[in-house]
Amino acid sequence: MVADEHGGGGGGAPSGASGEHGGAREPVVDPSARVSYTGTGLEDEAPLWTADPPLAPLGLLERWYAEAAADERVVEPGAVVLATVDADGVPDARTVLLKGLDGRGAVVYTNLASAKGCQLEARAHAALVLPWHAMSRNVRLRGRVERVTREESAAYFAQRPRGSQVAAWASAQSQPVASRADLERRVAELEERFAGQEVPLPPTWGGVRVLPVAVELWAGRASRLHDRAAWTSVTGEPSRLDDAGAWRLARLQP
């Protein structure tokens with residue numbers, strides 16, 4: 001009998017079938033689980049495919065976002081996965097909120113001294129995914145990153161709820177904290193400090209814009225034969241999302 005890596009014999013229960021104390025348990029992930037996609041696809045006769053020259057990506061991006069925002073099944077249409085790369089070249093990802101989308105690209109705001117802020121400063125490239133699962137749609141966008149101006153950041157910060165403004169000052173994002181009580185004590189101190197006045201933009205807080213070199217719209221279809229429309233920059237450099245001549249469009253296999 002050959003021992004396994006934990007020193008046990010080969011006659012035990014299958015992997016994932018026994019718990020810490022030897023009792024049977026269900027697997028965390030059910031590999032047989034399936035969802036049948038029924039969303040609206042990117043039909044062959046749609047102007048997306050027949051326009052000459054091809055359409056710029058911004059118009060369809062705006063339409064899809066508006067439809068997601070209007071769909072009551074989509075709780076937070078601006079929730080976007082932001083992927084970065086750390087100092088060792090290891091990918092890192094987290095969910096943030098999309099706060100800007102126009103011809104220049106997509107904007108998110110963060111503590112610039114946080115883990116993601118430092119990663120973006122060191123390696124100014126990122127990828128975004130808008131996952132609208134309820135609609136069987138998602139959007140991917142990747143490119144180079146630049147900071148938005150302090151004026152733009154201040155204008156957005158002024159629109160945030162006051163509690164969120166104070167929290168931005170209170171949190172040294174990504175750094176350890178001893179307890180929830182310590183964090184709440186810091187919030188209370190700052191509420192007292194800013195009592196009777198507007199909360200200013202923190203010095204390490206601001207926006208970053210992803211300047212796109214690639215955009216993809218994905219629509220789930222039956223039998224996993226999904227639709228994928230992919231734009232790539234003609235020059236390989238960041239291009240405006242509203243400039244049709246700057247992009248090549250291809251339909252990708254699922």
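Since the model is a prediction, treat every value here as computed from it, not as a measurement. (Residues numbered from 1 in each chain as written. Predicted model: local features only at pLDDT ≥ 70, side-chain atom pairs only at ≥ 80, totals over all residues. Heavy atoms only, no water.)

A. Region of the structure containing the overall build of the protein. From N to C terminus, the protein includes six helices and eight strands. Start at the N end of the protein and walk to the C end: the helices and strands fall as α-α-β-β-β-α-β-β-α-α-α-β-β-β. Taken against the 2.2 N^0.38 rule, which gives 18 Å for 254 residues, the C-alpha radius of gyration of the protein at 23 Å runs more than 25% over that of a compact globule. Seen along its three principal axes, the alpha-carbon backbone of the protein occupies a region of about 70 × 60 × 40 Å. For the protein, buried positions account for 35% of its 254 residues. Of the contacts made within the protein by residues no fewer than 6 positions apart, 63% connect residues no fewer than 24 positions apart. Summed over its atoms, the accessible surface of the protein is roughly 15,200 Å², and 52% of this surface lies on carbon and sulfur atoms. (Helix = DSSP H or I, 4+ residues; strand = E, 2+ residues; numbered from the N terminus. Rg over C-alpha atoms; globule rule 2.2 N^0.38 Å. Buried < 20%, exposed > 50% of the residue type's maximum accessible area, 1.4 Å probe, protein only. Contact = heavy atoms within 4.5 Å. Areas by Shrake-Rupley, 256 points an atom, 1.4 Å probe, with all protein chains shown as cover.)

B. Structural context of the pattern of salt bridges. Taken as a whole and assessed by the stated rule, the structure comprises 18 salt bridges. Across the pair D227 and R251 runs a salt bridge, and its minimum N-O distance is 2.7 Å. Linking D227 in strand 7 (residues 227-233) with R251 in strand 8 (residues 247-252), this pair joins segments that are 24 residues apart in sequence. Using a relative accessible area of 36% as the deciding quantity, one classes R251 as partly exposed. (Salt bridge = Lys/Arg side-chain N within 4 Å of Asp/Glu carboxyl O.)

C. Spotlight on the nonpolar core. Core analysis: the largest hydrophobic core is formed by 34 residues, its most contacted members being W64, W132, V215, L217 and W231. Listed by contribution, the elements that provide at least two residues to this core are helix 2 (57-70), strand 1 (79-85), strand 2 (91-102), strand 3 (105-111), strand 4 (125-132), strand 5 (137-147), strand 6 (205-219) and strand 7. Here W132 is in contact with W64, Y65, A68, V74, P77, R137, N138 and V139, once residues within four sequence places are set aside. (Core = buried A, V, L, I, M, F, W, Y, C linked by side-chain atoms within 4.5 Å.)

D. How the structure looks around the environment of E26. Here E26 shows up in the segment before helix 1 (47-50). E26 sits in the exposed class, given a relative accessible area of 68%. Here the alpha-carbon distance between E26 and V213, two residues 187 residues apart in the chain, equals 44 Å.

E. Summary view of the side chain of R209. Note that R209 resides in strand 6. For R209, the side chain forms a polar contact with the side chain of E152, separated by 3.0 Å. Once residues within four sequence positions are removed from consideration, R209 is found in contact with R104, G105, A106, V107, R144, V145, E146, V148 and E152. (Polar contact = N/O pair within 3.5 Å; in protein donor to acceptor, adjacent residues only side chain to side chain.)

F. Expanded view of the side chain of S136. On the secondary structure map, S136 appears in the loop between strand 4 and strand 5. The class of S136 is buried, set by a relative accessible area of 7%. Setting aside its immediate chain neighbours within four residues, S136 contacts Y37, T38, G39, W218, A219 and G220.

By themselves, these are just geometric observations and shouldn't be taken as functional.
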